[in-house]
Structure formats: C-alpha cells, structure tokens
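Listed here are the chains, written in short residue letters.
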Amino acid sequence: MRTHTRWILALALVPAVAACATKGALRRGLEAQRVALAAEKQERVDADAALRADLVALRNDLQGLRTEFGAKITAMEEGVKFIFPVNFAFDDAMVRDADRAALDRFAQVVQRHYGGAKITVEGFADEAGAQRYNLTLSQRRAESVREYLTAQGLSQGLLRAIGYGETRQVNAGATHDSPGAEANRRVVFVVESRAEDTIAVLQSE
C-alpha cells in the first residue's frame, strides 16, 4: 500500500517538475537572448565610435593637406580629386625636392584612409612645344610621381599614370618662365574609391 502511495505521489509531482524545468529553460533562454542583444548593441556602439574616430582623423588629415601644402580636395562622381602644388621645371619630369614633403604626406593619408583604392596620377604640361612632345612629357611626369609614391609604400598595381599633355591649362598661354606657367606643369591625383567618407567630411566642414 505504501509503495502504491509513493508511486501516486511521484506521478503527481511529474507535471510540477516538468513545469519547473520548462520555466528554468525559458529563463535561461531569455537570459541568453538578453546577453546576445546587449553584446550586439555594444558592437554597434563600438562600430559607430570607431567610424566617428575615423572620420575625425580623415578630417584632420585632409585639413592638414590643405593648410600645410595648399591642397585642393574635391569629391567627384568617380572618386576624390587631390590637387597639390606639385609642379615641374620647364621641360623636366623629375620630382623636385621641394615637393617631396607633400607627396610623402599624401602617401601617408592614402595608406591611412584609402587602403586598396586605385589612384590615377594625371600629368600635364604647358603649351610650349609640339602637342605630341607635351603629351609624352606629361606622361613622364605622371610616371615619375608614380614611382616616387611607390617608393613611399603605395602599391604599384593600384597606381596608374596618365599624361594629358597641354590640355586643362590652369593659366592659358603661360609657358617657359612666364607668370603662372609652373601651375600648368603639374600632376593631379584621383582616388577612385571610398569617396563617401570624404564627401561626408567635406559636407560637414
């Protein structure tokens, strides 16, 4: 009789034990979900903070290029254009010592903010001489700057050099040693990716 009673009591307790186990599993599941949501929220907060820090650093670096080297930075459909006062002597394609600091800083900014981006180095010449010669000279200037940037750590495979000859004159008709001629003998850089970050920075200034 006692054995029978114990079985009845045991069977009666089964639903209660099962209910407790279900509640315990539910609580553990809810706790795990809460922990996962908290971790996801923290990841978003950290990612947002990192993005803000990156944008602040980019803003500071772009401003440094402007104030220290007179760079003009423009967001374009195909990327970001950097115009530096990196110029050349008449009929010459060698990088001048005076321009090395600007090119060094440009290489640092590219490595820091535009890793993996394709960069086009555009070369130009003034109007002295034949068009074909000026086209070749501007190509040599672009290639000279590309080689210099490669030596500063930028990937040669991501750097393209193109000469545009005497097109896009800054000061039309200025050649040789006339005022403004040096500005025609120049290079321009186009960074072809991550324009959205630069656009955000330029619009916030």
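About the thresholds
Residues numbered from 1 in each chain as written. Predicted model: local features only at pLDDT ≥ 70, side-chain atom pairs only at ≥ 80, totals over all residues. Heavy atoms only, no water. Helix = DSSP H or I, 4+ residues; strand = E, 2+ residues; numbered from the N terminus. Buried < 20%, exposed > 50% of the residue type's maximum accessible area, 1.4 Å probe, protein only. Contact = heavy atoms within 4.5 Å. Areas by Shrake-Rupley, 256 points an atom, 1.4 Å probe, with all protein chains shown as cover. Pairing = 2+ DSSP bridges. Axes fitted to C-alpha atoms, helices over the stretch in contact; angles between N-to-C directions.

Enquirer: Can you help me understand the overall build of the protein chain in this one?
Expert: The secondary structure content of the protein chain amounts to five helices and five strands. For the protein chain, the succession of helices and strands along the chain, N to C, is α-β-β-α-β-α-β-α-β-α. Across the 205 residues that make up the protein chain, the buried fraction comes to 34%. Look at the contacts in the protein chain between residues 6 or more apart in sequence, and 73% of them connect residues 24 or more apart. When the accessible surface of the protein chain is summed, it comes to about 12,200 Å², and 57% of that surface belongs to carbon and sulfur atoms.

Enquirer: Just to check I follow, could you spell out the sheet that holds strand S1 (residues 72-76) for this structure?
Expert: Where strands meet in a sheet, backbone hydrogen bonds hold them as pairs that are either parallel or antiparallel. Ordered in space as S1-S2-S5-S3-S4, the five strands form an open sheet in which the pairing is mixed. Two strands lie at the open edges of the sheet, namely S1 and strand S4 (159-163), each paired on one side alone. When the angles between neighbouring strand axes are averaged without regard to direction, this sheet yields 20°. The sheet contact formed by strand S2 (residues 79-87) and strand S5 (residues 186-191) spans five bridges and is antiparallel. Among the inter-strand pairings, Ile 83 is bridged to a residue of S5, identified as Val 188. In the packing of helix H2 (residues 100-113) onto the sheet, the strands contacted are S2, strand S3 (119-123) and S5, and the crossing angle to S2 comes to about 165°. On the sheet, helix H3 (residues 131-151) packs against S3, S4 and S5 and is oriented at approximately 160° with respect to S4.

Enquirer: Teacher, can you tell me more about the pairing of S2 here?
Expert: A regular strand places its side chains on the two faces of the sheet in alternate fashion. Among the nine residues that make up S2, seven are buried, leaving the element largely enclosed by the rest of the structure. Both S1 and S2 contribute to a ladder of five bridges, which runs antiparallel. Residue pairing in the sheet places Thr 74 in a bridge with Lys 81 of S2. Connecting S1 to the next strand, S2, in antiparallel fashion are two residues.

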